[in-house]
Amino acid sequence: MTYDPNNIFARILRGEIPNKTVYEDEHTLAFHDINPQAPVHVLVIPKGAYQSMDDFSAKASDAEIAALFRAVGKVVELTGIADAGWRMLANSGANGGQEVPHLHIHVFGGRRLGPMLARV
Ligand code: 5GP
């Protein structure tokens, strides 16, 4: 599957759609989810055109990979959720329930997050 340059997060990265930024650096942008599932729900995305974590881990530079994971740590620090605990999640493809085809790590916190997976 080829990367769709018109997906919503690509448009956010181009500044075509506003976002509430939590953290930004050369390789990464983190912003509040528009439909939060927890008191803290932030999306951490690479600025490069990667669809999913498997695509990113295969093709991204070491600097991009380091930046993404360091950004998760920054978001946890900036939102104040480290001590109480939090969760990160990256959905991938149809079975993973991925809706936006640009890699994003969800960071959740601010309440008890419940079981790891819903029973379906
Ligand atoms: P996925 O299901 O792909 O893992 O997660 C996509 C996430 O993107 C959802 O939590 C959804 O609320 C969020 N989202 C979709 N469109 C927008 C948008 O335009 N702005 C922001 N900030 N979040 C969005």
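Scroll up a little and you will see the structure.
Residues numbered from 1 in each chain as written. Predicted model: local features only at pLDDT ≥ 70, side-chain atom pairs only at ≥ 80, totals over all residues. Heavy atoms only, no water.

Our focus in this paragraph is the pairing of strand β3 (residues 40-46). By the criterion of burial, β3 is predominantly enclosed, with seven of the seven residues buried. In β3, alternate side chains face the same way, and those of V40, V42, V44 and P46 on one face and H41, L43 and I45 on the other are all buried. Sheet analysis places strand β2 (residues 28-32) next to β3, joined by five bridges and oriented antiparallel. Following the sheet pairing, A30 is matched in β3 by V44. Sheet analysis places β3 next to strand β5 (residues 105-109), joined by five bridges and oriented antiparallel. Bridge pairing in β5 places V42 opposite V107. (Buried < 20%, exposed > 50% of the residue type's maximum accessible area, 1.4 Å probe, protein only. Helix = DSSP H or I, 4+ residues; strand = E, 2+ residues; numbered from the N terminus. Pairing = 2+ DSSP bridges.)

Attention now moves to the sheet that holds β2. Read from one edge of the open sheet, five strands run β1-β2-β3-β5-β4, paired in antiparallel fashion. Either end of the sheet is taken by a strand with one partner, and the two such strands are β1 (21-24) and β4 (86-89). On average, each strand axis in the sheet is inclined to that of its neighbour by 20°, with strand direction left out of account. Pairing analysis gives four bridges linking β4 to β5, with the strands arranged antiparallel. Within the sheet, the bridge partner assigned to W86 lies in β5 and is G109. (Axes fitted to C-alpha atoms, helices over the stretch in contact; angles between N-to-C directions.)

Here we take up the side chain of H106. Structurally, H106 is set in strand β5. Under the relative-accessibility criterion, H106 is labelled buried at 11%. A polar contact of 2.8 Å, which involves the side chain of H106, links it to the side chain of H41. Apart from residues no more than four positions distant in its own chain, H106 is found in contact with D33, H41, V42, L43, R87, M88, L89 and N91. (Polar contact = N/O pair within 3.5 Å; in protein donor to acceptor, adjacent residues only side chain to side chain. Contact = heavy atoms within 4.5 Å.)

With respect to the secondary-structure elements, Q98 resides in the loop between α4 (93-96) and β5. Among the polar contacts made by the side chain of Q98, one reaches the main-chain carbonyl oxygen of Q51 at a distance of 2.8 Å. There is a polar contact of 2.9 Å between the side chain of Q98 and the backbone nitrogen of G93. Those residues in contact with Q98 that lie beyond four places of it in its chain are Q51, S52, N91, S92, G93, L103 and H104.

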